[in-house]
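What the coordinates show
Below are the chains, spelled out letter by letter.
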Amino acid sequence: MAEQTSVVLEDAGKKVSLPLMEGSVGPKVIDIRKLYAETGHFTYDPGFTSTASCESKITYIDGDEGVLLYRGYSIDELAEQSDFPEVCYLLLNGELPTAGQKSQFLKNITYHTMVHEQLSMFFRGFRRDAHPMAVICGVVGALSAFYHDSTDISDPHQRVVASHRLIAKMPTIIAMAYKYSVGQPFMYPRNDLDYCSNFLYMTFGVPCEPYKVSPTLANALDKIFILHADHEQNASTSTVRLAGSSGANPFACIAAGIACLWGPAHGGANEAALNMLQQVGTPDRIPEYIAKAKDKNDPFRLMGFGHRVYKNYDPRAKVMQQTAKAVLEELGVHNDPLFQVAMELEKIALSDEYFIEKKLYPNVDFYSGIILRAMGFPTTMFTPLFALARTVGWIAQWAEMIADPSQKIGRPRQLYTGADRRTFVPVEARG
Ligand code: CMC
C-alpha cells in the first residue's frame, strides 16, 4: 500500500487535501496552514493538546513509552554518563562536544558568571520576604538593561553571547535571590569551581568561613539540572518562543518563561509536591489523601503525579528516586519520613484502579523536592532551581526559532462567543 501523504477533509461538499508531514520519529502531523484559505474555518484546540506549534530538532518525548531524548540521547544515559555543561552544549549545538570544544565552552561560561555590580542594587528594591521567583523574574528581565551588546537578535554572534551569559548568570542571580531572602551577603562566583559546586558555594557559603562543597551533593544537583534542562514545547518554552517570535530580546524572553514556569501546574509543582508530602506527614494518612485525590467534588490532586504528555512512568522520576536515595545516604538521613511517605504513596497510587485507568504516574517533581530539601534548600527555592536548569532549554529553543526561515510572529486565532456589534448608549440613557 502506498504511504499516506495527505488527509482529505470534506467541507460543504468540497474536498480539501491537507498534507501530512513526517518527523524523524513520532506521530505524523497534519499541515493545516492552508485550511483557513481553503475552507474559511479555523481549528479549535485549547491547551494545544493536538497542535504542533513548530518544527524542532532538540528534544523528543514518547509519553506512552516514557522516553525522553535530548538530540537523540536518552535522558538516563545522559544523567548517568554526562554532566550538565556538556548537556548544555549538546542542546545548544546539536552534538556532544569534543574535549577541546568542551573546555572552550566551559571557559566561555565561566567567563560570564559575574553580574554587573549595579545589578545587585535591584535586589535591594525587593522586600526580603518576596518569593524568589518574583525577584528572579524581575532581575532576569532587567539583564536587557545591562547587556546591550547581546540584544541584537539579527546578529548570530550576539545570540551566542546572550546564551552564554544566561547560562552563566542564572546560578549567580538565583543564589543572590536566596542570600537576599536570608539577609546574608552576596557571594561572588568562584571560577575555580565547576558549575554546580560554584552554585552550592554561592548559595550556602558565607564570607567568614570556608565552605567545602560535597561532591555527592554537587553531583546530585548536576543530575537534577540535566533532567530539567529541556522538555520540548511545554508551557514555559512555548511562552519563550511566543515572546521571541515578536523579535523581543533573549533576556526579556527568558523572563517571560520564568513567569510561566512559576505556576503550580508547571514548575511550581515541586514546591507543591513537597508541601503535600509534609501535609500527609505519616504513611497511615495516605489512604485519606488518595481518597481526596479521587473525589470528583474535591479539587485536591496528588501533586507530583500525572503529566500532560507522559502516560507512563516519567523517565526523569526514575533517576530522581535513585538520586534521592544517594543524597539521603550521603547526608546520613537514612530514614527520612518524607521519603518513606513518598515511596509508600507511590506504591499505593500505582496499584490503585483510579490512577492505573487514568495513567497517572509520578513525574519529575515527585522526588526532586525531597532531595533539594535534604540539601538545605527552602521550598521557595525549588522552582528557581528548575528555572536555572531550564534556561538552557529555553535558549536553545529560542535560538532554533530565530534561525528558522519559516518563523513568523505567533498569533493564535479564537472562537469568539461575545456580543456582536451593537450601538453605543450614552451613560444618561443606560437603564
Ligand atoms: N491527582 C489526581 N487526579 C489527577 C491528577 C492528580 N495529580 N492529575 C490528573 N488527574 C485526573 C484529573 O482529575 C482528570 O480526571 P477526569 O478525566 O475524571 O476529569 C484526569 O486525571 C486527566 O487530568 P487533566 O487535568 O485533564 O490532565 P492534563 O494532561 O491536562 O494535566 C497535569 C496534567 C500535570 C496538569 C495534571 O496531571 C496535574 O495537575 N498534576 C499535578 C501537578 C503536577 O504534578 N504538575 C507537574 C507536571 S511535571 C513538571 C513539568 O513538566 O512542569
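The structure contained in this document is the topic of the report that follows. (Residues numbered from 1 in each chain as written. Predicted model: local features only at pLDDT ≥ 70, side-chain atom pairs only at ≥ 80, totals over all residues. Heavy atoms only, no water.)

**Concerning the pairing of strand E2 (residues 14-21)**
- Pairing between strand E1 (residues 6-11) and E2: six bridges, direction antiparallel. Across the sheet, glutamate 10 pairs through a bridge with lysine 15, a residue of E2.
- Where E1 folds back on E2, the antiparallel hairpin that results is connected by two residues, among which alanine 12 adopts a positive phi of roughly 45°.
- Pairing between E2 and strand E3 (residues 29-30): two bridges, direction antiparallel. Across the sheet, the residue bridging to leucine 20 is isoleucine 30, located in E3. (Pairing = 2+ DSSP bridges. Helix = DSSP H or I, 4+ residues; strand = E, 2+ residues; numbered from the N terminus.)

**Re the pattern of salt bridges**
- Inspection of every chain in the model, using the stated rule, returns 16 salt bridges.
- When the shortest N-O distance is used, the salt bridge between glutamate 10 and lysine 15 registers 3.8 Å.
- Given a relative accessible area of 59%, lysine 15 falls into the exposed group.
- One salt bridge in this structure joins glutamate 55 and lysine 57, with 3.6 Å as the shortest N-O distance.
- Overall, glutamate 55 belongs to the exposed group, its relative accessible area being 52%.
- Each member of the salt-bridge network shares a partner with another, and the members are Asp83, Glu86 and Lys102. (Salt bridge = Lys/Arg side-chain N within 4 Å of Asp/Glu carboxyl O. Buried < 20%, exposed > 50% of the residue type's maximum accessible area, 1.4 Å probe, protein only.)

**Quick look at the environment of serine 103**
- Looking at the element boundaries, serine 103 is found in helix H4 (residues 99-111).
- In the structure, serine 103 is positioned 17 residues away from glutamate 86 in sequence and 9.7 Å away in space, judged by C-alpha atoms.
- Within the local environment of serine 103, its side chain forms a polar contact with the backbone oxygen of glycine 100, the two atoms lying 3.2 Å apart. (Polar contact = N/O pair within 3.5 Å; in protein donor to acceptor, adjacent residues only side chain to side chain.)

**Concerning helix H17 (residues 365-375)**
- By the criterion of burial, H17 is predominantly enclosed, with nine of the eleven residues buried.
- By the burial criterion, the buried members of H17 are Asp365, Phe366, Tyr367, Ser368, Gly369, Ile370, Ile371, Leu372 and Met375.
- In this structure, the buried side of H17 is in contact with helix H8 (195-204), helix H9 (215-228), helix H12 (269-280), helix H14 (315-330), helix H15 (337-350) and helix H18 (382-403).
- Directly beyond the C-terminal end of H17, a positive phi value near 110° is found at glycine 376. (Contact = heavy atoms within 4.5 Å.)

**Here's the deal with the site of the ligand**
- Surveying the vicinity of the ligand reveals 19 residues, the closest of which are His266, Lys296, Leu302, Gly304 and Lys358.
- Within the side chain of lysine 358, a nitrogen or oxygen atom sits 2.8 Å from an oxygen atom of the ligand.
- In the complex, the protein chains occlude 75% of the 940 Å² of accessible area that the ligand would expose alone.
- Among the residues forming the shell around the ligand, the class breakdown is eight nonpolar, six polar and five charged. (Near = heavy atom within 4 Å. Areas by Shrake-Rupley, 256 points an atom, 1.4 Å probe, with all protein chains shown as cover. Nonpolar A, V, L, I, M, F, W, Y, C, P; charged D, E, K, R; others polar.)

**Some details on empty space enclosed by the protein**
- According to the stated counting rule, one finds one cavity of 30 Å³ or more in the structure shown.
- Here the largest cavity defines a volume of roughly 50 Å³.
- What lines the largest cavity is simply Ile224, Phe225, His228, Asn270, Ser368, Leu372, Phe382, Leu385, Phe386 and Ala389.
- Of all the secondary-structure elements, those providing two or more residues to the lining of the largest cavity are H9, H17 and H18.
- Broken down by element, the residue count for the lining of the largest cavity peaks at four residues, all from H18.
- Classifying every residue of the lining of the largest cavity by side-chain character gives seven nonpolar, three polar and no charged. (1 Å grid on protein atoms, 1.4 Å probe; cavity = no way out; pocket = protein on both sides within 12 Å on 5 of 7 lines; lining within 4 Å. Points joined across faces, edges and corners; volume = space filled by probe spheres on them.)

**Comments concerning the pairing of strand E5 (residues 67-70)**
- Relative to E5, strand E4 (residues 59-62) runs antiparallel, the two being bridged by four bridges. Across the sheet, tyrosine 60 pairs through a bridge with leucine 69, a residue of E5.
- Between the antiparallel neighbours E4 and E5 lie four residues, among them glycine 66 with a positive phi of about 70°.
- Where E5 hands over to strand E6 (residues 73-74), the hairpin turn is made up of two residues, of which arginine 71 adopts a positive phi near 50°.

**Structural notes on the packing of aromatic side chains**
- Scanning the model with the defined rule gives 18 aromatic pairs in all.
- Summarising the aromatic geometry, the rings of phenylalanine 84 and tyrosine 195 are spaced 5.4 Å apart at their centres and angled 45° between planes, so their arrangement reads as tilted. Placement of phenylalanine 84 in helix H3 (residues 84-93) and of tyrosine 195 in helix H8 is noted, with a sequence separation of 111 residues between them. In this pair, the class of phenylalanine 84 matches that of tyrosine 195, namely buried.
- The lysine or arginine in question, arginine 190, covers the ring of tyrosine 201, its NZ or CZ lying 5.1 Å from the ring centre.
- The ring of tyrosine 36 carries arginine 413 above its face, with NZ or CZ at 5.4 Å from the centroid. (Phe/Tyr/Trp six-rings, centres within 6.5 Å; stacked < 30°, edge-to-face > 60°. Lys NZ or Arg CZ within 6 Å of the ring centre and 35° of its normal.)

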